[in-house]
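Examination of the molecular architecture
Each chain is listed here by its residues.
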Amino acid sequence: SQQGEEDPQALSIQEGENATMNCSYKTSINNLQWYRQNSGRGLVHLILIRSNEREKHSGRLRVTLDTSKKSSSLLITASRAADTASYFCATDGHLGYSTLTFGKGTMLLVSP
Amino acid sequence: SQTIHQWPATLVQPVGSPLSLECTVEGTSNPNLYWYRQAAGRGLQLLFYSVGIGQISSEVPQNLSASRPQDRQFILSSKKLLLSDSGFYLCAWSVGDSRQPQHFGDGTRLSIL
């Protein structure tokens, strides 16, 4: 079953604009991760935020986590055409201690 | 540095034929290994998970199986493919628990005719 659900399903913006993607989950977590997937490729890990953290930055990426609302957001600032990809959140899986459960993703299109 | 190899990149198979997809990891020891399937425009579905040689956990029942004959080798198999087995198959590795990132191969696009 899917733990995380991203919103929106698709997002289209112009270069230079900011892109915000949201993730909601249902049960308590130890950490939440964000991944990126270019079309036809594997996923690439972007950032991890622990349950006791509220905000984390990495370059142009800013992730927030609100455990009371069971939600997270990924903000990409000053977007570029190369940011065009699908973005997934992932939470602790239930099968084993190292498994993750991925959401359905947000498809981001950044136009030049 | 660690690398993950997954092959083939694309595969077209008839219904009822067997399947063998291979994934190998280099540069790390005793990794956790994963097989996922991704339907078009969908998220990832965890199929199998392994924490060591010969140790396989299955997330969902299906006509697929997995094996880990060596520490850094993970194989996904089927004796008879179904149309519903079409999809994008991804192998991944990690070390430690869910606080560590997973690292993915470039996937195999499987089409069943």
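Presented here is a report on the structure given in the accompanying data block. Quantities reported herein were computed from a predicted structural model and do not represent experimental measurements.

Considerations on the overall build of chain A
Looking only at helices and strands, chain A has 0 helices and 11 strands in total. The secondary structure elements of chain A, listed N-terminal to C-terminal, are β-β-β-β-β-β-β-β-β-β-β. Since a compact globule built from 112 residues should have a radius of gyration of about 13 Å, the 13 Å found for chain A is in line with a globular shape. For chain A, the spread of C-alpha atoms along the principal axes amounts to about 40 × 30 × 20 Å. Expressed as a percentage of its 112 residues, the buried residues of chain A come to 46%. Sequence-distant contacts in chain A: of pairs separated by 6 or more residues, those separated by 24 or more amount to 54%. Surface summary for chain A: the accessible area is close to 5300 Å², and the carbon and sulfur share equals 47%. Side chains of chain A carry 12 positive and 10 negative charges; the gap between the two charge centres is 4 Å.

Concerning the side chain of Asp92(A)
The residue Asp92(A) is located in strand β9 (residues 85-92) in this model. Within the buried set, Asp92(A) has no salt-bridge partner at all; the shortest N-O distance to an opposite charge, 7.8 Å, is to Arg99(B). Here Asn31(A) takes part through its backbone nitrogen, which lies 3.3 Å from a polar atom of the side chain of Asp92(A). A distance of 3.3 Å separates polar atoms of two side chains, one belonging to Asp92(A) and the other to Ser98(B). If we ignore the near neighbours within four places in the chain, the residues touching Asp92(A) are Ile29(A), Asn30(A), Asn31(A), Thr99(A), Leu100(A), Thr101(A) and Ser98(B).

Description of the environment of Gln13(B)
All names here are of chain B. Within the secondary structure, Gln13 sits in strand β2 (residues 10-13). Owing to a relative accessible area of 18%, Gln13 belongs among the buried residues under this scheme. With 97 residues separating them in the primary sequence, Gln13 and Leu110 have C-alpha atoms 7.5 Å apart. Non-local contacts of Gln13, meaning those with residues more than four positions away in its chain, are made with Pro18, Leu81, Leu110, Ser111, Ile112 and Leu113.

How each quantity is defined
Sequence order as written defines residue numbering, which begins from 1 separately in each chain. Each chain gets a letter, beginning with A, and each ligand a number, beginning with 1, in the order they are written. Local features are withheld for residues below a pLDDT of 70 in this predicted model, meaning they are given only at 70 or higher, and side-chain atom pairs are given and counted only at 80 or more; totals for whole chains, interfaces and linings count all residues. Hydrogens and water are ignored here; the side-chain numbers use all heavy atoms of the structure. Working definition: helices are DSSP H or I runs of at least four residues, strands are E runs of at least two. Numbering for both runs from the N terminus. We compute the radius of gyration over the C-alpha atoms and compare it with the globule rule, which gives 2.2 Å times the number of residues raised to the power 0.38. The buried label goes to any residue with under 20% of its type's maximum accessible area, the exposed label to any with over 50%, and the partly exposed label to all in between, with areas taken from a 1.4 Å probe on protein chains only. Note on contacts: a residue pair is in contact if any heavy atoms of the two residues lie within 4.5 Å. Calculation of accessible area relied on Shrake-Rupley with a 1.4 Å probe; when residues are assessed, cover is drawn exclusively from the protein chains displayed. Residues counted as positive are Lys and Arg, residues counted as negative are Asp and Glu, and His and the chain ends are not counted. Charge coordinates come from a single atom per side chain, which is NZ of Lys, CZ of Arg, CG of Asp or CD of Glu. We define a salt bridge as a side-chain nitrogen of Lys or Arg found within 4 Å of a carboxyl oxygen belonging to Asp or Glu. Pairs of N or O atoms are called polar contacts if they sit within 3.5 Å, as long as, within protein, a hydrogen donor faces a hydrogen acceptor (for residues adjacent in sequence, only side-chain-to-side-chain pairs).

This is a description of form; function is not addressed.
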